[in-house]
Amino acid sequence: MIPNLSSDGKNQEARQKAILELLRQYGTLTLQELADTFSCSLATIRRDLHDLQAQEPGLRRYHGAVGIEANAGEQWFADKSAVFTAEKDAIAEVIVRWLPDHITIGLNGGTTTTRIAWHLAQAQKPVTVVTNAINIAYQLAQANIAVVVIGGDLRPYNYETTGTLALDGLERLHLDWAVLGANGIHSQVGITTAANEEAVLGQAFRRAADQIMIAVDHSKFHRNALYQMLEWTDVDYLATDAQASAWLKEWPEPPTPVATDYLGAQIWAWRKTRVGAP
């Protein structure tokens, strides 16, 4: 849940600084969410965003929302890793316990998928992992888990490779599962991400895999990033934390819980799964 920052709402400089901090933390927010957060009007938020675009080239506005592309550098990943850590660990643990042994799993980059890799390593789970994230590959290799690294252009701020080489690498592979992180999920729009290269790669993971699982904490719900990665018809399972359970029960096509972690994280399934589901 976004904190209420109405105390900053009357000071333009403090409000604009806080807007940037929120966007760096959450990735994408609607203009209405920002107006509610600062107890100000939509017109005020629009003026703030107009001013901020002059000083923040990564700021992007679209469909009543605003997002910010991360700057190159490792701090962005470290900042994201420090948010909702307990939820990400609970999600990772329920996924690692539930997935069968001796399968091939695709993992894209991200803080949640990095925790999944950590739990795979701790469990010494007998699987093969295909990933475009060099930090995930290193972590698994240290634990002697079989890894296939997809090549491509490295995005330093999140350690992911993308581009033609990455897509070509996935075209030649078959995955039993792909477990993907995302910047936003929405009941109508689907699964979204802040970078086009990551969206295209997510679609390639989907084509390569028999089963698709999305792994996100509750902060990604009801959010739309700029680029659609997958539609809901592409998704077989969703793993999320306890706080999102009530929202999923109200989803237009409600999924069914199939696994629960002791901290309340759950895996949800839609009854349209493709070949190979456990």
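Conventions used here
Residues numbered from 1 in each chain as written. Predicted model: local features only at pLDDT ≥ 70, side-chain atom pairs only at ≥ 80, totals over all residues. Heavy atoms only, no water. Helix = DSSP H or I, 4+ residues; strand = E, 2+ residues; numbered from the N terminus. Expected span 1.5 Å × (residues − 1). Buried < 20%, exposed > 50% of the residue type's maximum accessible area, 1.4 Å probe, protein only. Arc of directions from axis to C-beta. Pairing = 2+ DSSP bridges. Axes fitted to C-alpha atoms, helices over the stretch in contact; angles between N-to-C directions. Parallel < 35°, antiparallel > 145°, perpendicular 65-115°, else oblique. Left-handed = near helix turned anticlockwise from the far one by under 90°. Contact = heavy atoms within 4.5 Å. Salt bridge = Lys/Arg side-chain N within 4 Å of Asp/Glu carboxyl O.

A.B. asks: Before we go on, may I ask you to explain helix α3 (residues 42-55) in this structure?
C.D. replies: The α-helix advances 3.6 residues per turn, and as a result positions three or four apart in sequence lie on the same side. For α3, spanning 14 residues, the distance from its first C-alpha to its last is 20 Å, which sits close to the expected 20 Å at 1.5 Å a residue. What α3 keeps buried is the set T44, I45, D48, L49 and L52. Down the axis of α3, the smallest arc covering the buried residues is 135°, so these residues share one side. Turned more than 90 degrees away from the buried face of α3, the exposed residues are R47, H50 and A54.

A.B. asks: Just checking my understanding: could you explain the pairing of strand β12 (residues 209-215) for this structure?
C.D. replies: A regular strand places its side chains so that they alternate between the two faces of the sheet. With 6 of its 7 residues buried, β12 lies for the most part within the structure. The sheet contact formed by strand β9 (residues 175-180) and β12 spans 5 bridges and is parallel. Within β12, the position partnered with L180 by the bridge is I214. Sheet topology places β12 next to strand β14 (residues 237-240); 3 bridges connect them, and they run parallel. Counted as the bridge partner of I214 is L238 from β14.

A.B. asks: Can you help me understand the pairing of β9 in this one?
C.D. replies: With 5 of its 6 residues buried, β9 lies for the most part within the structure. As judged from the 3 bridges shared by strand β4 (residues 104-107) and β9, these two strands associate in the parallel manner. The residue of β9 that forms the bridge with L107 is V179.

A.B. asks: For this particular structure, what's the right way to read unusual backbone geometry?
C.D. replies: Most peptide bonds adopt trans geometry, and most residues besides glycine take a negative phi value. Here N144, not a glycine, exhibits a phi torsion of approximately 60°, which is positive. Note that N144 resides in the loop between α7 (134-142) and β6 (146-149). Using a relative accessible area of 69% as the deciding quantity, one classes N144 as exposed. Of note, H222 is a non-glycine position whose phi angle comes to about 60°, a positive value. Along the chain, H222 falls in the loop between β12 and β13 (227-230). Residue classification places H222 among the partly exposed positions, given a relative accessible area of 41%.

A.B. asks: Is there a simple way to explain the sheet that holds strand β10 (residues 184-186) in this structure?
C.D. replies: Backbone-to-backbone hydrogen bonds join strands into a sheet, with any given pair of strands oriented parallel or antiparallel. Taken together, the 3 strands give an open sheet; going across it, the order is β10-β11-β13, and neighbouring strands pair in antiparallel fashion. Looking at the sheet topology across the chains shown, the edges are occupied by β10 and β13. Neighbour to neighbour, the strand axes of the sheet diverge by 40° on average, direction disregarded. As paired elements, strand β11 (residues 190-193) and β13 share 3 bridges and run antiparallel to each other.

A.B. asks: Which parts of the structure should I look at to understand helix α5 (residues 85-98)?
C.D. replies: With 14 residues, α5 extends 20 Å between its outermost C-alpha atoms, agreeing within 8% with the 20 Å of an ideal straight helix rising 1.5 Å per residue. Taken residue by residue, α5 has K88, A90, I91, A92, E93, V94, I95 and V96 as its buried positions.

A.B. asks: Any chance you could explain the packing of α5 against helix α6 (residues 111-123) here in plain terms?
C.D. replies: The description of two packed helices rests on the angle between their axes and on the distance between the axes. In contact at an axis separation of 8 Å, α5 and α6 are set at 50° when each is read in the N-to-C sense. Taken together, the axis directions place α5 and α6 in an arrangement best described as oblique. Where α5 crosses over α6, the two elements pack in a sense that is right-handed. The segment α5 lies against α6, with K88, D89, I91, A92, E93, I95 and V96 engaging T111, T112, R115, I116, H119, L120 and A123.

A.B. asks: In this structure, what is going on with the pattern of salt bridges? I would like to understand it.
C.D. replies: Pairs can form between side chains of opposite charge whenever their charged atoms are close. According to the stated counting rule, one finds 7 salt bridges in the structure shown. Measuring nitrogen to oxygen at the nearest pair gives 3.7 Å for the salt bridge that ties R207 to E171. Taken together, the residues R207 in helix α9 (residues 196-208) and E171 in helix α8 (residues 164-171) connect sequence positions 36 residues apart. Taking the relative accessible area as the measure of exposure, R207 reaches 53% and is therefore exposed. Among the salt bridges present, the one from D234 reaches R206, with a minimum N-O distance of 3.1 Å.

Shape descriptors only; they carry no functional weight alone.
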